[in-house]
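Summary of structural features
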Amino acid sequence: MKVTVVGAGIMGMSVAWALERDGHQVTVYEQGEIPNPLGSSVDQQRLIRFPYGSELGYTRMVADAYRAWEQLWRDLGKQLYIETGTLVLAPAGQNWAHDSAANLDKLGISVQWLETQELQRTFPLLRFDGVESAFYLDSGGVLLAEEIIATMLQYLDKKGVKFHTQTLVREVDLENAQIVLENGNRVNADILIIAAGPWVERLLLDFSQRVTPSRQVLVYLRSPADKIGQWAKIPMVLDIDPKCGFYLVPPVAGTNIKAADHSFTLTGNPDCDRIAMEEEARTIYQLCQQRLQDFDHYQLQNARTCFYTVAPQEHFIVESRGKSWLMSGFSGHGFKFGALLGLAVAETIAGHRTPEQLSHWAAGNISYPGASHFFKNTQTLEG
Ligand SMILES: Cc1cc2nc3c(=O)[nH]c(=O)nc-3n(C[C@H](O)[C@H](O)[C@H](O)COP(=O)(O)OP(=O)(O)OC[C@H]3O[C@@H](n4cnc5c(N)ncnc54)[C@H](O)[C@@H]3O)c2cc1C
């Protein structure tokens, strides 16, 4: 079938990949370049990790997400993932770490709890002020996000997927899988996929009630030269609770240390509010100061903005309407599931699941029977 994809972030690229594998004729429209540095998917790093607080549905999806990435690495002939391990801090009175550990236990994944003194001995570059304990997992790491999108572009281009960059889609007709370009040209297909990130409400008006673009600020730091070697043994650090969502990404493959606060701003326009203010960056540097020993020795590199597309409870929206499929609401945790969601949409289009099952599962809802086995024994993932 003829497929149009709007948006070349990780969702649009992944669905293009999965549908091309199934023999469809795919064309992708992107308003910017690919990778588009203004899109939510484009940065050097995105994290994948098992701990997910009380969200059992998403905790279960992570194993399948890893399997989907492995399929992609096989196709690309290149692994664009670096394992770092995961350290989840449990500050006094906060539940996120304990909820995560409880859900991991249900899945048979045991974590290693460490008390403050042991933490300090094991991870001497970090500070643990106010932390009662923390747990460590060997799994989890960095997906080299921008390189993944760039490599998928090269691969899919060779496979015959057509890409139109700097091409804004102005209107969509979901019932008929038709798009209208800025120059007024109409393009028809059998299937239309909309994966427009924080710009979705410009194409689908009702989405202004369902998702909120959220401008987030992140900072990059350079490690002192004498500590670079030690950073190889430092995992990603998650210090997540309802009041603060601090996370720190260690340097891998030549990247800098990255840090940010996952708490939503729920404001901003993805076309305009792109410059990070000094004051905003300072707030995150202060959080880094609480977590890094000898913080003054680190060089503050730069700060930038990126937009989440936030849906209620951060639950993903993947649904069918007419001849179209809508992929939205991936908030600050969608990248890790990109390859998996691409395969899931393709599987549903192939008739192996109903659209309702897909939506339910993508929303992290575990009451769908057999959700944990969603991909078990399916042709798509078994190769
Ligand atoms: C700072 C930050 C940190 C994050 N960290 C993580 C993490 O560690 N782990 C994780 O799993 N997730 C993380 N996320 C979330 C994850 O990156 C996003 O959920 C995911 O990238 C969303 O992908 P997308 O394809 O939906 O959107 P996008 O990447 O924004 O892609 C949408 C694309 O559509 C194009 N487009 C939009 N409208 C049109 C139009 N009308 N015509 C043509 N093209 C159009 C846009 O230009 C854009 O390229 C993070 C996000 C941010 C911002």
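On a predicted model such as this, the values are computed, not experimentally measured, just so you know. (Residues numbered from 1 in each chain as written. Predicted model: local features only at pLDDT ≥ 70, side-chain atom pairs only at ≥ 80, totals over all residues.)

Here the focus is the domain arrangement of the protein. What the domain assignment reports for the protein is domain 1 (1–81 + 142–210 + 311–383) and domain 2 (86–137 + 212–308). In this assembly, 21 residues from domain 1 lie in contact with 26 residues from domain 2. In terms of residue count, the dominant contributor to the side of domain 1 that touches domain 2 is helix α2 (residues 56–76) (three residues). (Domains from an automatic or database assignment. Contact = placed C-beta atoms within 7 Å. Helix = DSSP H or I, 4+ residues; strand = E, 2+ residues; numbered from the N terminus.)

Further remarks concern the environment of R21. Along the chain, R21 turns up in helix α1 (residues 10–21). Sequence separation between R21 and K159 is 138 residues, and the spatial gap between their C-alpha atoms is 9.2 Å.

Let us now look at the sheet that holds strand β10 (residues 169–173). Spatially, three strands are ordered β10-β11-β12 in an open sheet, and the strand pairing comes out antiparallel. Both outer strands of the open sheet, β10 and β12 (186–188), are each paired with one neighbouring strand and no more. Neighbour-to-neighbour, the strand axes of this sheet turn through a mean angle of 20°, independent of strand direction. In terms of strand pairing, β10 meets strand β11 (residues 178–181) through four bridges, oriented antiparallel. Following the sheet pairing, V172 is matched in β11 by I179. (Pairing = 2+ DSSP bridges. Axes fitted to C-alpha atoms, helices over the stretch in contact; angles between N-to-C directions.)

Turning next to the site of the ligand. Taken together, 39 residues are adjacent to the ligand, and G7, G9, G197, F330 and G334 come closest. Three or more residues apiece are contributed to the shell around the ligand by two domains, here domain 1 (1–81 + 142–210 + 311–383) and domain 2 (86–137 + 212–308). (Near = placed C-beta within 6 Å.)

Residues I34 and P35 are joined by a peptide bond in cis, for which omega reads -5°. Take P35: it is sitting in the loop between β2 (25–29) and β3 (46–48). Residues other than glycine seldom take positive phi values, yet Q166 does so here, at roughly 50°. Position of Q166 relative to the elements: it lies in the loop between β9 (162–164) and β10. Despite not being glycine, D294 shows a phi value in the positive range, around 50°. Mapping D294 onto the fold places it in the loop between α8 (278–291) and β18 (299–310).

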